Each structure stands twice: as structure tokens, then as C-alpha cells.
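What follows is each chain in one-letter form.
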Protein chains: 2
Amino acid sequence: MTDTSFGQACAERVADAVPRFDQITFVGIGLINGSLARDARRLGLAGRLVATARRRETLDQALALGLVDAATPDAADAVRGADLVVLGTPVGASGEAARAVAPFLRPDAIVTDVGSVKARVLDLVAPHLDTRRFVPGHPVAGAETSGPAAAVEHLFRDRWCILTPRGDTDPGAVARVAALWRAVGSKVETMGAAQHDKVLAAVSHLPHLLAFNAVNTAGDVEHALQGEVLKYAAGGFRDFTRIAGADPAMWRDVFLHNKPAVLELIGRYVENLSALQRAIRRNEADALFDSFTSARAIRRGEALAAGASSPGMP
Amino acid sequence: MTDTSFGQACAERVADAVPRFDQITFVGIGLINGSLARDARRLGLAGRLVATARRRETLDQALALGLVDAATPDAADAVRGADLVVLGTPVGASGEAARAVAPFLRPDAIVTDVGSVKARVLDLVAPHLDTRRFVPGHPVAGAETSGPAAAVEHLFRDRWCILTPRGDTDPGAVARVAALWRAVGSKVETMGAAQHDKVLAAVSHLPHLLAFNAVNTAGDVEHALQGEVLKYAAGGFRDFTRIAGADPAMWRDVFLHNKPAVLELIGRYVENLSALQRAIRRNEADALFDSFTSARAIRRGEALAAGASSPGMP
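The shown structure was predicted, so the numbers you read here are calculated from the model rather than taken from an experiment.

(A) A look at the pattern of salt bridges. Inspection of the entire model under this criterion finds 30 salt bridges over all chains. Residues participating in the shared-partner salt-bridge network are A:Asp22, A:Arg106 and A:Asp108.

Spelled out as C-alpha cells, the structure:
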């Protein structure tokens, strides 16, 4: 074993050990930050858990639920003493959140976030924070509910957490944040922010937009049918309504702050939907069959796997 | 108690008793008919269970899995002795299935079907069968798999089964078919075929089309991202891929045979999606927030309930 690989093995062992923080401060305490607080307490990951949020009601709820030890609307008070600060506001508010806490941070404090969009978060946060100590993160987990009362243990178990550090991000800070997510059961991956935003637009942002729209479209149907629509919700619609129960403010910000990737996908989606619409109108049975068969193959990972391994593709 | 309500109560009691058939013959034996066969055997609903299908392989599988007592590609052989015949082919094949079995039916045999579209099934079947003994049915249940091997017990438990008899359908036949579905755990409702087709277009057919299309669109993304797309499937996309695993032939026929209702809904869907797309492009934060809030309200049944109770609406 060379010195280098020995050193690397040691670094990995340290990173994988259960991390321990003096104080974790949550800026915003809804489903994601609240669930992380529950797991941090259960696993003893921090000496103290503190929350700050704009609404007094949210803080009272977080305290009543026992998510944190202390809660204050004063961001300065909240982050004093914290060696980890987790921004958990809607993406659009993350710049303001960073600005509010920055002057009061411990010099060694690490800041991370849990937003579903990553390139924009860095743009918003960078003017206010030392970006070397900021580790952008996205736990790919969720539920059809929101707010502190929705927080549950084990929300992140076996789910991906994607970190998107820049070239200048402190590797030690990245390792500490990665260890936190591993401690709560997540599989941690690292990629560029732009790559993250394109992948998530396809697997999460577009599907959520389509589900919101499907539920609204079903809600539009003739009055005579409305009573029946939810009553007979089959498998298909139940999955859609579940997704559409998600937090409106969070999703508004996702679409506004991952605009190019989302608009590009909506464009492709509508083109493809128009082709199906035309095939239905013209009774093109084979075209429909082939399209559905292709979707099934993609679901099974066949087409993607085949695509991924085929040589000579751009 | 008047005589009428007493008679009605007796009829209901008879209809709710566990039904017993001499022989149930399944024409087509995939997920739905196969699961019904499993429950019929478990509950002792028939003296004999028989399957017929075009493909020998399907019949061999059904026999090997113990779904039925006998299986034959000869439709005439299969229905001889049956007092209940369940058509379980894709909707487009139901006319041909009815034609094949009609000459060999017992005079007292009841025929029903399990198709997801109802007006068209009646059109296809009517030229061949005595429609007074044909009870159109739709168990609103499914799974992301298809074929005899996908058949499971309890698939219909706590699910709706919608029957769409016509004015001339024998009430005794309707009661027998309703009792069968109640015996396997379903909640049975009766409505007109046209009403059924409009409601199911909104709650099932459109969502399936959107899911097939979302999976194909995700499969379209740049080659560099393909490997990541399924790896990071968040809640949203996982629900979509699940739906997209359904049987392509079945769904092809659903869209071709519920064409007006489906095309009408695709039209509305695209209009609504264009409005969202425009709001994203123009940063119309409030419009997005309101739209997602409305979807959440519909999910909770609030908007629909409010709509249903508001006076003076058409």
C-alpha cells in the first residue's frame, strides 16, 4: 500500500464515521429540515439543534413537536455557535437566508442547503457567503405533505443525496456534509450543479409539473362529473394526486429557478404528446403500441442501458 | 315496511350472498382475468374454471400457475357448460371474442367483460350476443405488470368495480355479476357507459398517456444524462415509470376506443400546460403558486366538493 492510498483510505474512514456537530442550525424547518432534525436527534449527531424561520407559528410547531432544542425568528441568534447551518427555505429565498446568517457565522461553520435546484442556489448564495465553506446539497426525497408536522424519521434512508461542490469548495466540508447524509441512511453522490439540474428536471421537476397539471385538468371536467372524478381515481390518478399534494411555494421556486432545463423538457414533452394525440386521432394502432412498448422498456432500464452502452453515439 | 321495500331488501340480500357458478370461462387470461380466477378458486365461487386464449403459451402458463382447471385455444370447447363467461381481451378484440363464443353459449349463460372502456365494448359485442345477458363491467384495479404470471389474489379488494348495464339488461344477470365482484372484495357501482368513459378518461386514461409520454421524453434526454436519469428517479418519476410498465396492447386499445373523451382531455391538458409554460417563461410566480395550490386543494377534495355543492352552476 502506498502512502497515498493509505492516506486516502484513512480519509474515507474518517468521512464515513458518524459525524458529530456542536450545533446544527436549520434555516427553515419544514418537511426536509424537520425530518433531518428528527434523525439528527435520534442518532445523536449534534449537541444542540436550533431552528430559525420567518413565521412564529412554524417555530412554535417545531418546538412543540420536539424537532429542535431552541427556535427563534432571529437568524443571528440562531446561528451563533453552529458549526453546521442547513438552509431549507424554498430555493428563491436561499440568497436572503444566506445574507441574514452570514455575519454571525462561526469562522469554521459549514453551510449547506437542501434545495431541489443547484446552479441557481449557488448564484444566490455566493454574494453573501464564503463559498469554500458552502456545500450545495439535494436529498432526493419527499412526501405529499409539507411543514414541520410532516417531518418523519428515516425519510432519507436508501434515498440519493446529491452534492454539487465547486472546484474551490473545501474537501473537508464536503466530507462532513456527506457523512451527515450517510449517517441518516442516504447514498451520497457528487456531480456538477448544471448536470444535477438537467437530470432532476427530467426525473422530478417535469413529472411534478405534469402531475399538478393533470390534477387541475381533471378538476376542470364538466360539473356533472366532478363528484365522480376523485371517487373513481384509479391507480394512475392516485399517483398523480399524491404528487400534487406537495408544497406549492417550494415547487414554484423549483420551476422559476431551473427554468432553461424545465422549459426545454416541456417543449420536448409537448412535441411527443402531440405525436400521440395525432396517432389516436388517426387510429395509428402500431404507433401507439410501439410508443408504449418503448416506455415499458425504458422503465425496465433496457433502452437506457442499451443507449448507454452503444458505441459511437454523441 | 311496504311490500316494495321488503321485496327490494330481499333482492339485495340475494345479490349480496356469495355467488356460485357451475363454470366460469375466462376469454383471455392475463392480469385481470387471472387474478379473478385466483380469487374465484380461493373463495370457491365456481365448480370449474376454464380459460381460452389465442396463444398456446398463455394457456400453458395459466395451467402451470394453477389459475384454471382447464385451458384450450378452442373457444367453443371452453364455453360449453359455462354459466359465466368473462371477456378479458384488450377492448378492441372483445367483438371478435364475443363472436367466437356466442354460438356455443348455454342459453342461461351470463357474459361480462373487464375492459377499461365501456361504450365501445357494447358496440363491438352487441352484434354477436344477446345483450340482455351481457353485463359490461370494469374492475378499476391494475398493476405495473401484465400476463398470467402477474395474477395475484386480492387484486380487487377495496377497489371499485363499475357496471354499465343498458335499459334492457336482465337485472338478475346484473345482480349475479355484482355479487361476484363483491365476493372478491370490490365496491360495485352502476352508471351509464358514456358517463363511465368520461370519468375514466380523466382519472385513468389521460394519466396513463401522460406517464407513458413522460417516460419516453425522459428517455430522449441527451446521451450523457441517460445513465443518470433512472438512477436518480425521485418520487415523481418513480410513480410515472410504475404506470408506464402497464400492458401496451391493452392501453393502445383504450385510447383508440375511448377516442373522443381522451382527445378532448388532451386538448384541455395541453392548453393548461401551455399556460404553466408561459408562466415559467415570464416568471409569473403568483400564477404558478395559485395553480399548484389549486391542485393541492383538488387533491384534498376541497375544490371538487365546493364545486359540487355550489348552487346555480350548470
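Having seen the model, we can carry on.
(B) Molecular detail of the side chain of A:Ser35. Residues and elements named next belong to chain A. The topology assignment puts Ser35 in helix α2 (residues 31–43). Within the structure, Ser35 has its side chain in polar contact with the backbone oxygen of Leu31 (distance 2.6 Å). Ignoring anything within four residues of it in the chain, the contact list for Ser35 reads Gly30, Ala151, Val152, Leu155 and Phe156.

(C) Region of interest: the nonpolar core. In this structure, A:Leu87, A:Phe240, A:Ile266, B:Leu87, B:Phe240 and B:Ile266 are the most contacted members of the largest nonpolar core, which totals 126 residues. Among residues more than four places away in sequence, those in contact with B:Phe240 are A:Pro207, A:Leu210, A:Phe240, A:Ile243, B:Leu210, B:Ala211, B:Ala214 and B:Val215.

(D) Structural detail: the interface of chain B and chain A. The interface of chain B with chain A comprises 95 residues on the first partner and 95 residues on the second. For the pair chain B and chain A, the summed buried surface comes to about 9000 Å²; carbon and sulfur atoms form 67% of the total. On the chain B side of the contact with chain A, B:Tyr232, B:Phe292 and B:Arg299 bury the most area, a combined 8% of that side's loss. One can count zero salt bridges joining chain B with chain A. Inspection of the chain B/chain A interface yields 18 residue pairs in polar contact (both at pLDDT 80 or more). Put simply, the parts of the chain that give the side of chain B that touches chain A at least two residues each are β8 (160–163), α8 (193–219), α9 (223–231), α10 (235–243), α11 (248–257), α12 (259–281), α13 (285–299) and α14 (302–309) of chain B. For the side of chain B that touches chain A, the leading source of residues is α8(B), giving 19 residues. Split into classes, the residues belonging to the side of chain B that touches chain A amount to 53 nonpolar, 23 polar and 19 charged.

(E) Representation of the sheet that holds strand β7 (residues 137–139) of chain A within the structure. Residues and elements named next belong to chain A. In space, the three strands of this open sheet follow the order β7-β8-β9, with mixed pairing throughout. Strands with a single pairing partner mark the edges of an open sheet, and in this sheet they are β7 and β9 (187–190). Ignoring strand direction, the axes of neighbouring strands in this sheet form an average angle of 20 degrees. Bridge analysis of β7 against strand β8 (residues 160–163) gives three bridges, and the strand direction is antiparallel. Bridged to Gly137 within β8 is Leu163. Sheet strands in contact with helix α7 (residues 171–183) are β7, β8 and β9, and its direction is about 170 degrees off that of β8.

(F) Here's a closer look at the relation of the copies chain B and chain A. Structural alignment of chain B on chain A gives an RMSD of 0.0 Å, achieved by rotating through 180 degrees and translating 0.0 Å along the axis. On the angle and the small slide along the axis, the relation comes out as a two-fold axis. No C-alpha of chain B approaches the rotation axis more nearly than that of B:Asp239, which lies at 3.1 Å.

(G) Spatial organisation of the packing of helix α8 (residues 193–219) of chain A against α12(B). Running from amino to carboxyl end, α8(A) crosses α12(B) at an angle of 130 degrees, the nearest separation of the two axes being 9 Å. Here α8(A) lies oblique to α12(B), going by the angle between them. Crossing geometry of α8(A) relative to α12(B) is assigned as right-handed. Contacts between α8(A) and α12(B) involve A:Leu209, A:Leu210, A:Asn213, A:Ala214 and A:Thr217 from the former and B:Leu265, B:Arg268, B:Tyr269, B:Asn272, B:Leu273, B:Leu276 and B:Ile280 from the latter. The residue makeup of the contact of α8(A) with α12(B), split by class, is eight nonpolar, three polar and one charged.

(H) Region of interest: the side chain of A:Asn258. All names here are of chain A. Note on placement: Asn258 falls in the loop between α11 (248–257) and α12 (259–281). From its side chain, Asn258 meets the backbone oxygen of Asp197 in a polar contact 3.0 Å long. Non-local contacts of Asn258, meaning those with residues more than four positions away in its chain, are made with Val117, Asp197, Ala201 and His205.

(I) Quick peek at helix α7 (residues 171–183) of chain B. All names here are of chain B. The terminal C-alpha atoms of α7 lie 18 Å apart, and with 13 residues this matches the ideal 18 Å at 1.5 Å per residue to within 8%. Within α7 the residues assigned to the buried category are Ala173, Val174, Val177, Ala178, Ala179, Leu180 and Trp181. Measuring from the side-chain oxygen of the N-cap residue of α7 to the backbone nitrogen of Gly172 gives 2.9 Å; that N-cap residue is Asp170. Looking one or two places after α7, you find Gly185, whose phi comes out positive at around 105 degrees.

(J) Broad picture of the environment of A:Leu36. Residues and elements named next belong to chain A. You can see Leu36 is positioned in helix α2. C-alpha separation for the pair Leu36 and Val18, spaced 18 residues apart in sequence, amounts to 15 Å. Not counting residues up to four positions away in its chain, the partners in contact with Leu36 are Phe26, Val86, Phe156, Leu180, Trp181 and Val184.

(K) Representation of the domain arrangement of chain A. All names here are of chain A. Here the domain parsing of chain A yields domain 1 (3–191) and domain 2 (196–309). Contacts between domain 1 and domain 2 engage 19 residues on the former and 14 residues on the latter. Summing both sides of the interface, domain 1 and domain 2 together bury roughly 1300 Å²; the carbon and sulfur share of this comes to 64%. Area buried by domain 1 at its contact with domain 2 is led by Ser116, Val117 and Glu144, which between them contribute 38% of it. Where domain 1 touches domain 2, the interface holds six residue pairs in polar contact (both at pLDDT 80 or more).

(L) View of the pairing of strand β2 (residues 46–52) of chain B. Residues and elements named next belong to chain B. Most of β2 is tucked away: five of the seven residues are buried. Pairing geometry for strand β1 (residues 21–27) and β2, over six bridges, is parallel. Looking across to β2, one finds that Val27 is bridged to Thr52. The β-α-β motif built from β1, the intervening helix α2 (residues 31–43) and the parallel element β2 has right-handed crossover chirality. As paired strands, β2 and strand β3 (residues 70–71) are joined by two bridges and run parallel to one another. Note on β3: the bridge partner recorded for Val50 is Ala70. Following the chain from β2 across helix α3 (residues 56–64) to the adjacent parallel β3, one finds a crossover that is right-handed.

Thresholds applied
Residues numbered from 1 in each chain as written. Chains lettered and ligands numbered in written order. Predicted model: local features only at pLDDT ≥ 70, side-chain atom pairs only at ≥ 80, totals over all residues. Heavy atoms only, no water. Salt bridge = Lys/Arg side-chain N within 4 Å of Asp/Glu carboxyl O. Helix = DSSP H or I, 4+ residues; strand = E, 2+ residues; numbered from the N terminus. Polar contact = N/O pair within 3.5 Å; in protein donor to acceptor, adjacent residues only side chain to side chain. Contact = heavy atoms within 4.5 Å. Core = buried A, V, L, I, M, F, W, Y, C linked by side-chain atoms within 4.5 Å. Buried < 20%, exposed > 50% of the residue type's maximum accessible area, 1.4 Å probe, protein only. Buried area = accessible area lost by both parts, 1.4 Å probe. Nonpolar A, V, L, I, M, F, W, Y, C, P; charged D, E, K, R; others polar. Pairing = 2+ DSSP bridges. Axes fitted to C-alpha atoms, helices over the stretch in contact; angles between N-to-C directions. Least-squares fit on C-alpha atoms with pLDDT ≥ 70 in both. Parallel < 35°, antiparallel > 145°, perpendicular 65-115°, else oblique. Left-handed = near helix turned anticlockwise from the far one by under 90°. Expected span 1.5 Å × (residues − 1). Domains from an automatic or database assignment. Right-handed = clockwise from strand over helix to strand, strands pointing away.

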